[in-house]
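Here are the chains, one letter per residue:
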Amino acid sequence: MIDTDKFRKILQRRLQELDVRLHGIEEELDSHQSKDWEELAVEREEDEVLEGLGTSGQDEIVKIRAALRRIEKGEFGDCVKCGDEISEERLAVVPHTPFCRKCA
């Protein structure tokens, strides 16, 4: 039996970490106001990297919230595709995964 309280805490902690990270990225993106063309070019490149990190963070937040909903419904740890139990080892690595190893 999977300890859903343990995974709920892990998922909620990760949500908090992502929230802090995304706010930091947003602040960094807003701070780039250079008038020097060379500095502006470097800032634009950095912005692309930051935006990529922000997008991946937002995607992870969606997956975490879905996992938290599965916990609330009593469906956490069951593969959404085949219904088999997701191994605790897999959940330890990717706690928000909706798929067993076979269906992933």
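Our subject is the structure that appears above.
Residues numbered from 1 in each chain as written. Predicted model: local features only at pLDDT ≥ 70, side-chain atom pairs only at ≥ 80, totals over all residues. Heavy atoms only, no water.

Draft legend 1. Just the overall build of the chain, in detail. Secondary structure summary: the chain contains three helices and zero strands in total. Sequence-ordered secondary structure for the chain, helices as α and strands as β, is α-α-α. Taken against the 2.2 N^0.38 rule, which gives 13 Å for 104 residues, the C-alpha radius of gyration of the chain at 18 Å runs more than 25% over that of a compact globule. Based on the C-alpha atoms only, the size of the chain along its principal axes is roughly 60 × 25 × 20 Å. In the chain, once contacts between residues fewer than 6 apart in sequence are set aside, the share between residues at least 24 apart is 53%. (Helix = DSSP H or I, 4+ residues; strand = E, 2+ residues; numbered from the N terminus. Rg over C-alpha atoms; globule rule 2.2 N^0.38 Å. Contact = heavy atoms within 4.5 Å.)

Draft legend 2. How the structure looks around the pattern of salt bridges. This model, assessed by the stated rule, comprises six salt bridges. Arg-8 is the partner of Asp-5 in a salt bridge, and the nearest nitrogen-oxygen pair spans 2.7 Å. Placement of the pair is Asp-5 and Arg-8 together in helix α1 (residues 4-31), with a separation of three residues, close to one helical turn. Under the relative-accessibility criterion, Asp-5 is labelled partly exposed at 44%. For Arg-8, the salt bridge goes to Glu-72, with nearest N and O atoms at 3.3 Å. Linking Arg-8 in helix α1 with Glu-72 in helix α2 (residues 37-73), this pair joins segments that are 64 residues apart in sequence. Judged by relative accessible area, Arg-8 falls into the partly exposed class, the value being 21%. Through salt bridges with shared partners, a single network forms among Asp-5, Arg-8 and Glu-72. (Salt bridge = Lys/Arg side-chain N within 4 Å of Asp/Glu carboxyl O. Buried < 20%, exposed > 50% of the residue type's maximum accessible area, 1.4 Å probe, protein only.)

Draft legend 3. Spatial organisation of the environment of Glu-38. By the secondary structure assignment, Glu-38 is in helix α2. Separated by 47 residues in the primary sequence, Glu-38 and Glu-85 place their C-alpha atoms 54 Å from one another.

Draft legend 4. Structural context of a negative patch on the surface. Residues Glu-28, Glu-45, Glu-46, Glu-48 and Glu-51 make up a contiguous surface patch of negative charge. Its location among the elements puts Glu-46 in helix α2. Glu-46 gets classed as partly exposed once you look at its relative accessible area, which sits at 38%. (Patch = residues over 30% accessible without salt bridge, like charges linked within 9 Å, V, L, I, M, F, W, Y side chains within 5 Å. Areas by Shrake-Rupley, 256 points an atom, 1.4 Å probe, with all protein chains shown as cover. Lys, Arg positive; Asp, Glu negative; His and termini not counted. Charge placed at Lys NZ, Arg CZ, Asp CG, Glu CD.)

Draft legend 5. Seen up close, α1. For α1, built from 28 residues, the straight-helix expectation of 40 Å at 1.5 Å per residue is met to within 8% by its first-to-last C-alpha distance of 40 Å. Among the residues of α1, those classed as buried are Phe-7, Leu-11, Leu-15, Leu-18, Leu-22 and Ile-25. Where α1 begins, the capping side chain belongs to Asp-3, and its oxygen is found 3.3 Å from the backbone nitrogen of Asp-5. (Expected span 1.5 Å × (residues − 1). Polar contact = N/O pair within 3.5 Å; in protein donor to acceptor, adjacent residues only side chain to side chain.)

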